2 protein chains.
Amino acid sequence: MLEVIPTIVGILGILVVALIYYLVVREDPGTPEMVAIASYIQEGANAYLKRQFYTIFIFIAIIAAILGILEGLIPAISFLAGSILSLIAAYIGMNAAVKANVRTTNAARTSPAKALKIAFWGGSVMGLSVVSLSVLGIGSLYLIVRALYPIESPQQLEMALHTIVPFGMGASLAALFAQLGGGIYTKAADIAADLVGKVEAGIPEDDPRNPAVIADQVGDNVGDCAGRGADLFESFSDNIIGMMILGVAFYTLYGLKGVLFPLMAESAGVISTIIAIFLIREKTKNPITAINVSLFVSGVLNAIFFYYLAVELLGDYHIFLAAILGLIASLVVGVTVQYYTGTGYRPVKYIAESSQFGPALDVIAGLAVGLESAFVPLIVIAAVVSFAYIVAGLYGIAAATAGILSTTGIIMAADTFGPISDNAAGIAEMAGLSKEVREGLDLLDAVGNTTKAITKGYAMACAILSAFVLFSAYLSAAKLTDVTMPRVDLADPFILVGLILGSTLAYLFSALAIRAVGKTANKMVEEVRRQFREIPGLLEGKAKPDYARAVDISTKHALKEMVLPTLITFFAPIIIGLLFHRKPLGAFIVGATVAGGLLAVFMINAGGALDNAKKLIESGLYGGKGSEAHKSAVVGDTVGDPLKDTAGPSLHIFVKLVTIVALTFVAFFPP
Amino acid sequence: MLEVIPTIVGILGILVVALIYYLVVREDPGTPEMVAIASYIQEGANAYLKRQFYTIFIFIAIIAAILGILEGLIPAISFLAGSILSLIAAYIGMNAAVKANVRTTNAARTSPAKALKIAFWGGSVMGLSVVSLSVLGIGSLYLIVRALYPIESPQQLEMALHTIVPFGMGASLAALFAQLGGGIYTKAADIAADLVGKVEAGIPEDDPRNPAVIADQVGDNVGDCAGRGADLFESFSDNIIGMMILGVAFYTLYGLKGVLFPLMAESAGVISTIIAIFLIREKTKNPITAINVSLFVSGVLNAIFFYYLAVELLGDYHIFLAAILGLIASLVVGVTVQYYTGTGYRPVKYIAESSQFGPALDVIAGLAVGLESAFVPLIVIAAVVSFAYIVAGLYGIAAATAGILSTTGIIMAADTFGPISDNAAGIAEMAGLSKEVREGLDLLDAVGNTTKAITKGYAMACAILSAFVLFSAYLSAAKLTDVTMPRVDLADPFILVGLILGSTLAYLFSALAIRAVGKTANKMVEEVRRQFREIPGLLEGKAKPDYARAVDISTKHALKEMVLPTLITFFAPIIIGLLFHRKPLGAFIVGATVAGGLLAVFMINAGGALDNAKKLIESGLYGGKGSEAHKSAVVGDTVGDPLKDTAGPSLHIFVKLVTIVALTFVAFFPP
């Protein structure tokens, strides 16, 4: 009976998503001008997403066909389900975001508290869609597999569960495409809008005269919303699947319940998300307090659920302790990220100070801060791995990760709140609303930046720990479980070679992602400069820019550039597995994970710190806006853009895609 | 009898060094003005080096005392010998360089071919000092150890050889101090001279009105010459020692000759270096051809010596094959570095193109190129490790590395040729020599840039492969040699934790190195701006700048900033060894090596490519000097400075210091 719960919870979640979506769209979108601006953004975002889905589907269909031939019908269906549900979650979430932004702007005209509620509810559609569809998908696949295959012995159980693994691979593949495509789009548009609009033409942010302004807003939605949604859908799904596979290795200890536990724990996460969402009401005065209360309640509820499940279902309270470790770790990582990227602390102050000595020293300071920022989070992750292992073995490491991931829904809601507020502020600027309205929205936007920092730290911890859970699942699936024998032993030169190749792949991947942004941004800068030059009266506000053309250039190049890095990531582990076999492939996975994880932390924090150093100067330090220090800081911010919003987050998915591909095809690699 | 050869060859090498030094200083240093400028540089460099040595000696004395108490007299002496000989080699080499630069300038007034010869001979003092002192030091220590300890069994041999290991640790520690201190000094001075002089004040490179110009020239000597010399002294020494330790594991196969082989092979390298140096004569017309011939002859001679030693001494021609693999690999890595950083190829052209769209896109392109450039070299290194292992086992990997390192002398000579030519051109500019003389020296300078690219690729391959040899030696010394048992198995979470911590340390180290340059450069920029502002008539050439004050600021901060990263690197493996024990420490070493190696390749090539993109634009592309594209490229070049000349090369030493510290203290770590 227990096994039906995830499916039911998933359906419940979707119903609540529909309700919240209805509550959002029922609000008044405001003046005809605001509706028109919002519709530009909505059309651009939908047009991009449709073309992106079309491109992704081609690859997905081919891989599903290959999977069907190699492994059978259920794995192929499972793969399709994972990829399609991921894209649907991203699509629903982004759609709610583009509906919520203009309604947030309009609400801000009368009530700031209502604006907060609408923005957060808009984000909640994304958060809840992600976790509900994941639990629904994996839960119902599990029911199908149970009905179709015998699962009397651990061996049979393992074979049956292996048909669910492609769900994770589908989710990862779709996520990497979406995050890369969206990330390239948003940053290329952002860089062009900033460089040519703000720096060269000297017009304010989000000014309607800027030809890239709509593309920039669209980018926030397809990159920050849809991309991040697909990202967390796959983290969430991969971890459930990885822990289920690992559960087989603990069959003698926990029986079938060890396999069911992750599904149950994350179903509980869906319930706590629903409760926490409805805590955000119009009565709340301070937006950051409102969100913090909501996050805190969700965390406490999850801890209670975990305790209950650990003791009642598994009969092992150690699993609860491990999960608590995970929750604490995500908190510490979040605080570290805030320290390294917040405007109130030494690192960002140091970057701002360096910007007085020119753009180069600003960038140098930013790179140093980013590199340094990896230290504490990785120490924390190492500590979690060590303690969770001491407390409850490999299953404990997975439980720690499950503990972090159980709050995904509400975290994702808080994260999507960011781009919605950002867009809302942008719409207010473009529609020329009053100063009070814009200031109110800027406040929400600032809150959005704080929640972004927290969710970034959270996403880091999730990605690296999930990858280790998948690695453990890989070892289990590859039959590398005899602790008295060398398994992935670095003292063997071929294992070392695997490690080197995996690490190097992370560098190649980052290079391609960053270059893609650079190339697309070059094209965008060219186009925006051309429009300013060739459209008469544009700067004076007498003529309209050609928004559509800028949107089209971003779309075309982002879609083109997202393909190569994704395919390399997908095929590399297959090639290594076939050439070097299972053990070096294990080291390859670890190399990709450690190098990718470190690069991601470096890039995300360097970019975040450079961004906030600019904001610190804009608040009046070292001459404020327009000073030489500010110009330097703008260069630094731009350098950080592809690091923090394209390569960095994509690396999170990269590390898991590598591992889950290895896990899916492990049977084809010689031992 | 054979065992005396290294000592004799070492003494012979030193005698030849004295001869070449005499041949250089006997040349005419030119006009009184030139002599005066050269003496500024010489005094600044010597003053810095003396204060640096003093700072380093404090740490060395303390560690020697601890070592004496913990391990006995011979290890303490061995440690002192390694560190002191390293510093002596760097001191002799740098002294020859500062004598050679002004004499190169003077020779260029009459004969460009003679200028080439003097510059190359100046560099040869460094190259030959490094290899001779290393062979002499280790060779005579080996004689002492043989006389003092019984070496009848492999166990006794191992204990005896273990007393030589601290020689390598001393060399590594001194090298890290020297490379970091020199690297911080040179780049802080370079950045300040460029930013304030070239960009803000608009005066040419090496203009005597620039207050940082002498500090910049001093920096070339203490960073590029002395720093690099100490770096290669430790690579060369560490590899000999690592291979000797590894030889013990091959005792049954090769007997005592397996321990002697590396010493003999590198003694042969000294001989081939001497021969190749004297091939550079005044008759040669094309400088790059002359140097290439010299490198080629040295390579061929070494191959012949290797064949002879492998067949006659070890009776195993497989070792010869492995060494050839190493030589080929260093060639491929060198070519790759030239592709990624040369002005004639796609990557640098792409960076130059991007600089049209502002400094941020220039830097983004540079970072992407750097990240991508790690792919081929690491694949090559992985291939060498694999094939050498297939051909001749772990000893084969060491032989491949020995193959690369046997050309160290001549490579180091070609490398030091670079800063000598650079300084010579600077002196010509400051002394206001004729256009023809300066153009002739600029040609030599350009050749110097090419040889630098080759030697950088070479240093990369050496550093990473040497680290693996040391890792093998560590496994052997830590008794982790039973291949049927897990040794450094990543499937064990604690081993994984070791790997994560080691990788993270490389990031922390890079952060500290880059930040040190940034901080020191900030101080220098402030000072240079102050002098331009406060010294009346300075820009008009009516007053002299206060060179000494700029030199002093660089010196003080470089010495202060070099300490922390070095001490962290030294103590980290000891802490990990005591806390986590031998196996996780093995993974820690591998993590530091792979992460450090990749970061080094990324940083060195990103910096090199950004530098050459600037040069490409200066040659007339996209508007040439003074254009917006050029200004952007200057920012990119400056960002690359601390990456390519401070953090990158220091990481090479970092990876080996971590490993040799672990190797030295392995007996104190629980198994």
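Here the structure is a predicted model, which means the values were calculated and not measured. (Residues numbered from 1 in each chain as written. Chains lettered and ligands numbered in written order. Predicted model: local features only at pLDDT ≥ 70, side-chain atom pairs only at ≥ 80, totals over all residues.)

Our next topic: the overall build of chain A. If you tally the helices and strands in chain A, you get 21 helices and zero strands. For a compact globule of 671 residues, the expected C-alpha radius of gyration is about 26 Å, and chain A comes in at 24 Å, within 12% of that figure. Projected onto the principal axes, the alpha-carbon positions of chain A cover approximately 75 × 55 × 45 Å. Classification of the 671 residues of chain A by burial places 70% in the buried group. (Helix = DSSP H or I, 4+ residues; strand = E, 2+ residues; numbered from the N terminus. Rg over C-alpha atoms; globule rule 2.2 N^0.38 Å. Buried ≥ 20, exposed ≤ 12 C-beta atoms within 10 Å, placed from the backbone.)

A few words now on unusual backbone geometry. In the Ramachandran plot, histidine 581 of chain A falls in the positive-phi region, its phi being about 80° despite a non-glycine side chain. The residue histidine 581 of chain A is located in the loop between helix H19 (563-580) and helix H20 (582-618) in this model. Overall, histidine 581 of chain A belongs to the partly exposed group, with 16 C-beta atoms counted inside 10 Å. The backbone phi angle of lysine 479 of chain B is positive, close to 60°, even though this residue is not glycine.

The next point concerns the nonpolar core. Grouped together as the largest cluster of nonpolar side chains are 550 residues, with contacts concentrated most on Ala192 and Tyr474 of chain A together with Ala192 and Tyr474 of chain B. Here alanine 192 of chain A is in contact with Ala212, Ala521, Met524, Val525 and Val528 of chain A, once residues within four sequence places are set aside. (Core = buried A, V, L, I, M, F, W, Y, C linked by C-beta atoms within 7 Å. Contact = placed C-beta atoms within 7 Å.)

In this section: the environment of valine 222 of chain A. Residues and elements named next belong to chain A. As for its position among the elements, valine 222 is in helix H7 (residues 213-249). By the C-beta count within 10 Å, which is 31 here, valine 222 ends up buried. When residues no more than four places from it in sequence are discounted, the contact partners of valine 222 are Ala45, Tyr48, Leu49, Met94, Gly182, Tyr185, Thr186 and Gly227.

Let us look at the relation of the copies chain B and chain A. Between chain B and chain A, the superposition needs a rotation of 180° and an axial shift of 0.0 Å, giving an RMSD of 0.0 Å. On this basis, the relationship between the two copies can be described by a two-fold rotation axis. Counting the interface residues of chain B, we find that 100% of their copies in chain A are interface residues as well, pointing to one common contact surface. (Least-squares fit on C-alpha atoms with pLDDT ≥ 70 in both.)

Residue and element names in this part refer to chain A. Inspection of the secondary structure puts phenylalanine 177 in helix H6 (residues 165-201). Assessed through the 30 C-beta atoms surrounding it within 10 Å, phenylalanine 177 is described here as buried. Taking C-alpha positions, phenylalanine 177 is 14 Å from valine 517, a pair spaced 340 residues apart along the chain. For phenylalanine 177, the residues in contact, after removing those within four places along its chain, are Ile56, Met562 and Thr566.

Residues and elements named next belong to chain A. The N-to-C vectors of helix H1 (residues 5-25) and helix H3 (residues 73-108) enclose an angle of 25°; their axes lie 9 Å apart at closest approach. Here H1 lies roughly parallel to H3, going by the angle between them. As for the relative orientation of H1 and H3, their crossing is left-handed in sense. On H3, the residues that touch Val17, Tyr21, Val24 and Val25 of H1 are Ile92, Ala96, Lys99, Ala100 and Arg103. Looking at the contact of H1 with H3 residue by residue, the class counts come to seven nonpolar, no polar and two charged. (Axes fitted to C-alpha atoms, helices over the stretch in contact; angles between N-to-C directions. Parallel < 35°, antiparallel > 145°, perpendicular 65-115°, else oblique. Left-handed = near helix turned anticlockwise from the far one by under 90°. Nonpolar A, V, L, I, M, F, W, Y, C, P; charged D, E, K, R; others polar.)

Think of an α-helix as turning once every 3.6 residues; residues three or four places apart then point the same way. The end-to-end C-alpha distance of helix H2 (residues 32-71) of chain A is 54 Å, a good match for the 58 Å that 40 residues give at a rise of 1.5 Å each. Immediately downstream of H2 of chain A, the backbone of glycine 72 of chain A shows phi near 110°, a positive value. (Expected span 1.5 Å × (residues − 1).)

Okay, the packing of helix H20 (residues 582-618) of chain B against helix H21 (residues 628-664) of chain B next. Residue and element names in this part refer to chain B. The N-to-C vectors of H20 and H21 enclose an angle of 155°; their axes lie 7 Å apart at closest approach. Relative to H21, H20 is oriented roughly antiparallel. Crossing geometry of H20 relative to H21 is assigned as left-handed.

To continue, consider the confidence of the model for chain A. On average, chain A scores 91 in pLDDT, and the residues at 70 or more come to 99%. Interface confidence for the predicted complex, expressed as ipTM, amounts to 0.94; the pTM equals 0.95. (pLDDT = per-residue confidence, 0-100.)

All names here are of chain A. Between its first and last C-alpha atoms helix H14 (residues 375-405) spans 22 Å; for 31 residues at 1.5 Å apiece the expected length is 45 Å, and the helix comes up short by more than 12%. The largest bend along H14 reaches roughly 130° and is located at alanine 392. Of all the 31 residues making up H14, 22 are buried; the element is thus mostly covered by neighbouring parts of the structure. (Bend = angle between axes of the 7 residues up to and from the residue.)

Of note, valine 666 of chain B is situated in the segment after H21. Contacts of valine 666 of chain B, omitting those with residues within four sequence positions, involve Tyr474, Ala477, Ala478 and Arg582 of chain B.

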